[in-house]
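Chain by chain, the residues run as shown.
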Amino acid sequence: MAGLFTTRAEVALHGMYEISKVLAIPARLETTLSNVLTLLSSFLDMSHGLIALLDESGEPNVVVGSGWSESNAKSHFELLPQLAIGQIVATKMPLVVENVANDPLFEDWIAAEHWRGAPRISFIGVPIKEREKVVGTLTIDRISDGHTSFKFDEDVRFLAMIANLVGQTVRLHDIINRDRQRLMGEQRRLEKELSERIKPARATGLRMRGIVGDSDAIHSVLEKIQVVARSNSTVLLRGESGTGKELFARATHDLSERKKGPFIKLNCAALPESVLESELFGHEKGAFTGATSQRKGRFELANGGTLFLDEIGEISPSFQAKLLRVLQEGEFERVGGMKTIKVDVRLVAATNRNLEEAVAKGEFRADLYYRINVITILLPALRDRREDVFPLAQEFLKRFNDEHGTHLAFSGSARDVLEGCFFPGNVRELENCVRRTATLSQDKTIIADDFACRNDDCLSSTLWKGAVEAAKPFTIISRPSASSMTGPAGKPDREMPSSVNNGSCSGSPATCPETDTCSLLNGDGQSERERLVDAMERAGWVQAKAARLLNLTPRQIGYALRKHKILIKKF
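Quantities reported herein were computed from a predicted structural model and do not represent experimental measurements. (Residues numbered from 1 in each chain as written. Predicted model: local features only at pLDDT ≥ 70, side-chain atom pairs only at ≥ 80, totals over all residues. Heavy atoms only, no water.)

Q: Please give an account of the overall build of the protein that cites residues and values.
A: When helices and strands are tallied, the protein shows 20 helices and 16 strands. Here the analysis covers contacts within the protein between residues at least 6 apart in sequence; of these, 66% occur between residues at least 24 apart. When the accessible surface of the protein is split by element, carbon and sulfur atoms take 50% of a total near 28700 Å². (Helix = DSSP H or I, 4+ residues; strand = E, 2+ residues; numbered from the N terminus. Contact = heavy atoms within 4.5 Å. Areas by Shrake-Rupley, 256 points an atom, 1.4 Å probe, with all protein chains shown as cover.)

This is the structure we're talking about:
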C-alpha cells in the first residue's frame, strides 16, 4: 500500500486517517485494537506488533497482537524484556533499538531465538498515554535482511501519533464503562429504595388525573412513580400498546418537583428522522426549505420540566447518537445553528419494543439503552387488572354521555360481557368497544346483545384470531390436576360449571352456578376441556363470544376456564 503514495508523509497521513476510522467504530476494545494493528502492519514494515494496556499495578490487563494469535498475544508480551517495557513506562518516552543483539536490555530475550540466524532484529516501543499517565505500550519488531534501510525517526513519530489516538479511545471506553456502572448502581439503589418505601397499595389512596382503577397492579405502579418522581433520573415506561403510557408519564411529572414546569410530549415513531431532529432540537431561520422563522424544539420548550418521548425504540441508529449527546451533556444546537443551548430536562421515555433484543441485533445503541433505562416501570396489561375493566368502561361511557348529551348506562348483562372479554388491545380497545356500542345502542340501557361480540362482529376476534391460529402449536395449556377438580376437603367445586350440552345439566344441581342455563360439553366425544379450548380458539380468545357459542354466560365460561386451568393466550 505504501507504494501508492509518493512520500512517507503521505503514507503516515493516510495511515492515521484509516486508523482513526477504525477507532470511531463502536466495538469491543480488544476488537478495535486488533484492527488497528492489522492496519498498522499494512502501512509499516514490521514482523509483529503488540498493544498492551496496563492496570493500576502495571500488570497487563488487555493484550492484542498482530502476527501472534489472540490466544498467545499475552504470553509473547510477557516474554518481552521487562527492563525495556519498564523504561518506556517510567520515562514516558519511546524506545528504539536498531539491533537487539547489541543492546543490554535484550540480552536475555528468549523470543529472539525464534529468529536465530536472521541478520538483524530491531525493536520500537512507544507509550500509550491518557493525558500524562502511561496506560499501555505499543511495540513492534522487524527483521532486517541487512540491505533494507529503515527510517526509525519517522517510524517513531508515526507510532507515537497512533498511540495518542489509541490513548484517547481507551479514555472514552473508560468513561463509558464508568458511566454505565454509575447508572446501573443508581438503578439498583433506586430499586432498593422502591422496595423499602412501597406500602400496601390500597393503604395510600393515591389517585392521579386520568388514571382510572383500584387494582393492586395500578396502585403498585403509582406507588413506584411516587418514589421515582422525587429524583431527576430518567424513567423508562414499558408495556403493551394501549396501556396508557402517556398518563403515567404525566403522573411522574405531576408528582415531581418539576410539576410547575412544562410537560412536553412527542411520539418518535410518528415522524421521519429529518423532521424528528427539527422537532426535538428546533431550527434556525433558513436552515432548510420552509424554515421561514426560528423555532424552538421540544427539548428547549421542556426546559425546567419534563419531556416525554413515546416509542423511543423506533428512532434510527444515526439519530440515537444525536439524542445520546443531549442526554449526556444536556446541550445541543438547533438545526442550521451554531450556538450551543443548555437545558435542564427530565426525560421520561416509553416503548413497547424489546430493547434488549434490539441492542443484541445492533438496532439500538447499548450506550443509549443504559442512559434511558435507569428506572424501568412495567405497566400492567388490562387482562392483569380485570377488576378495573368495568370502572374504566363506566368512565368512557361518562365521557361519551358528556360529549353527546346522552344518559346511557350499562345493564348487569353488559357488565358480564365486558368483564369476560380478553381485550388484547388493552385500555385503547376497551374505549373503542364502549364508544362503538354506545353509538349503536337504541336504548338508554346498554345490554349484552348490543355488543359487537354478540353479533359476530367482534374486533378482537377479527384482529387476533389469526395470531392465535399461528401460535396454536406453541399455546401452553395446563393439564388440570386431580386437586383442581375438587374444592376444599376434596369436595366438588360448586363454583365451576360441571358440564354443558343442549341446555340440560348432567351433574347434580349443586355443581352448576346457574342450573337453569348450564349445559353439557361432552356431546360429541370431546371432553369438556377440549370443547372449551376449541370454542375459545374459534372466538379469537374472546370469552364473551366463546360463551355465546357454548350457550353460557361470560361468568360461567370464566368459571370453566379457571376450573380446567386453561391459560388465556397473551399477545
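Q: Help me get a handle on the layout of surface pockets, residues and values and all.
A: Its boundaries defined by the atoms lining it, the largest pocket holds a volume of some 1400 Å³. Every residue lining the largest pocket is counted, 41 residues in all, and those nearest its centre are Thr-169, Leu-172, His-173, Asp-174 and Ile-176. Broken down by element, the lining of the largest pocket gets its largest block of residues, 13 residues, from helix α5 (residues 152–197). For the lining of the largest pocket, the class distribution of residues is 19 nonpolar, seven polar and 15 charged. Taken together, 29 residues line the second largest pocket, and the ones lying closest to its centre are Thr-243, Gly-244, Lys-245, Glu-246 and Leu-247. (1 Å grid on protein atoms, 1.4 Å probe; cavity = no way out; pocket = protein on both sides within 12 Å on 5 of 7 lines; lining within 4 Å. Points joined across faces, edges and corners; volume = space filled by probe spheres on them. Nonpolar A, V, L, I, M, F, W, Y, C, P; charged D, E, K, R; others polar.)

Q: Give me the sheet that holds strand β3 (residues 95–97): which residues, what numbers.
A: Strand order in the open sheet formed by five strands is β2-β1-β5-β4-β3, with antiparallel pairing between adjacent strands. On the outer flanks of this sheet lie β2 (60–66) and β3, each paired with one strand and no other. Put simply, the sheet's adjacent strands are angled 10° from each other on average, direction ignored. Relative to β2, helix α2 (residues 29–43) is tilted by about 35°, and along the sheet it contacts β1 (48–54), β2 and β5 (133–144). Sitting on the sheet, helix α4 (residues 82–91) touches β1, β3, β4 (120–130) and β5, and the angle it makes with β5 is about 135°. (Pairing = 2+ DSSP bridges. Axes fitted to C-alpha atoms, helices over the stretch in contact; angles between N-to-C directions.)

Q: An account of empty space enclosed by the protein is requested, with residue identities and associated values reported.
A: For the coordinates displayed, the defined rule picks out three cavities of 30 Å³ or more. Its boundaries defined by the atoms lining it, the second largest cavity holds a volume of some 80 Å³. Every residue lining the second largest cavity is listed: Ile-176, Asp-179, Arg-180, Leu-183, Leu-324, Gln-328, Asp-367, Tyr-370 and Arg-371. The set of elements that each furnish at least two residues to the lining of the second largest cavity consists of α5, α11 (317–329) and α13 (366–372). For the lining of the second largest cavity, the class distribution of residues is four nonpolar, one polar and four charged.

Q: How would you summarise the confidence of the model for the protein if you had to cite specific residues and measurements?
A: Within the protein, residue pLDDT values average 77, and 78% of them lie at 70 or more. For residues 199–205, every residue scores under 50 in pLDDT, and the model assigns this stretch eleven contacts once sequence neighbours within four places are set aside. (pLDDT = per-residue confidence, 0-100.)

Q: Give me unusual backbone geometry: which residues, what numbers.
A: At Asn-426, a residue that is not glycine, the phi angle is positive and equals roughly 60°. Turning to its location among the elements, Asn-426 is positioned in helix α16 (residues 426–440). Its relative accessible area of 0% is what places Asn-426 among the buried residues. Even without glycine at this site, Asn-551 takes up a positive phi of about 60°. Structurally, the position occupied by Asn-551 is in the loop between α19 (543–549) and α20 (554–563). With relative accessibility at 48%, the residue Asn-551 sits in the partly exposed group. (Buried < 20%, exposed > 50% of the residue type's maximum accessible area, 1.4 Å probe, protein only.)

Q: Give a description of the sheet that holds strand β10 (residues 306–310) that names residues and reports values.
A: Taken in spatial order, the five strands of this open sheet run β7-β10-β13-β6-β14, and their pairing is parallel. In this open sheet, the two edge strands, each paired with only one partner strand, are β7 (263–267) and β14 (375–378). Each strand of the sheet is rotated relative to its neighbour by a mean of 20°, with strand direction disregarded. Pairing of strand β6 (residues 235–238) with β14, which is carried by four bridges, proceeds in the parallel orientation. Within β14, the position partnered with Leu-236 by the bridge is Thr-376. Against the sheet, helix α7 (residues 216–228) contacts β6, β13 (346–351) and β14, and its axis sits at roughly 160° relative to β14.

Q: Explain the packing of helix α14 (residues 389–404) against α16 residue by residue, including any values.
A: The interhelical angle for the contact between α14 and α16, taken along N-to-C directions, is 50°, at an axis separation of 9 Å. Between α14 and α16, the angle falls in the class oblique. As α14 packs across α16, the resulting crossing turns out to be right-handed. Of α16, the residues touching α14 (which contributes Val-389, Leu-392, Ala-393, Phe-396, Leu-397, Arg-399, Phe-400, Glu-403 and His-404) are Val-427, Leu-430, Glu-431, Val-434, Arg-435, Ala-438 and Thr-439. (Parallel < 35°, antiparallel > 145°, perpendicular 65-115°, else oblique. Left-handed = near helix turned anticlockwise from the far one by under 90°.)

Q: If you had to explain the packing of α7 against helix α8 (residues 245–254) to someone new, which residues and values would you point to?
A: At a closest axis distance of 9 Å, the pairing of α7 and α8 adopts a crossing angle of 40°. Relative to α8, α7 is oriented oblique. Our pair here, α7 against α8, has a crossing hand that is right-handed. Residue-level contacts link Ile-218, Val-221, Leu-222 and Ile-225 of α7 to Phe-248, Ala-251 and Thr-252 of α8. A per-class count over the contact of α7 with α8 returns six nonpolar, one polar and no charged.

Q: Describe the side chain of Asp-388, and please don't skip the residues or the numbers.
A: As for its placement among the helices and strands, Asp-388 is situated in the loop between β14 and α14. Those residues in contact with Asp-388 that sit more than four places away from it in its chain are Gly-213, Asp-214, Ser-215 and Ile-218.

Q: So what's going on with the nonpolar core? Which residues, and what values?
A: Burial of nonpolar side chains together is a common tendency in soluble globular proteins. Residues Val-36, Leu-40, Ile-51, Ile-128, Leu-138, Leu-159 and Ile-162 are the most contacted members of the largest nonpolar core, which totals 33 residues. Secondary-structure elements contributing two or more residues to this core are α1 (8–23), α2, β1, β2, β4, β5 and α5. The element contributing the most residues to this core is α5, with nine residues. For Leu-138, the contacting residues outside a window of four places in its chain are Leu-37, Leu-40, Leu-50, Ile-51, Ile-124, Gly-125, Val-126, Ile-128, Leu-159, Ile-162 and Ala-163. Grouped together as the second largest cluster of nonpolar side chains are 29 residues, Leu-236, Ala-302, Leu-307 and Leu-323 included. (Core = buried A, V, L, I, M, F, W, Y, C linked by side-chain atoms within 4.5 Å.)

Q: Pulling in residues and values, what's your account of the environment of Pro-424?
A: In this fold, Pro-424 is placed in the loop between α15 (412–420) and α16. With relative accessibility at 6%, the residue Pro-424 sits in the buried group. Along the sequence, Pro-424 and Leu-382 sit 42 residues apart, while their C-alpha atoms lie 8.0 Å from each other.

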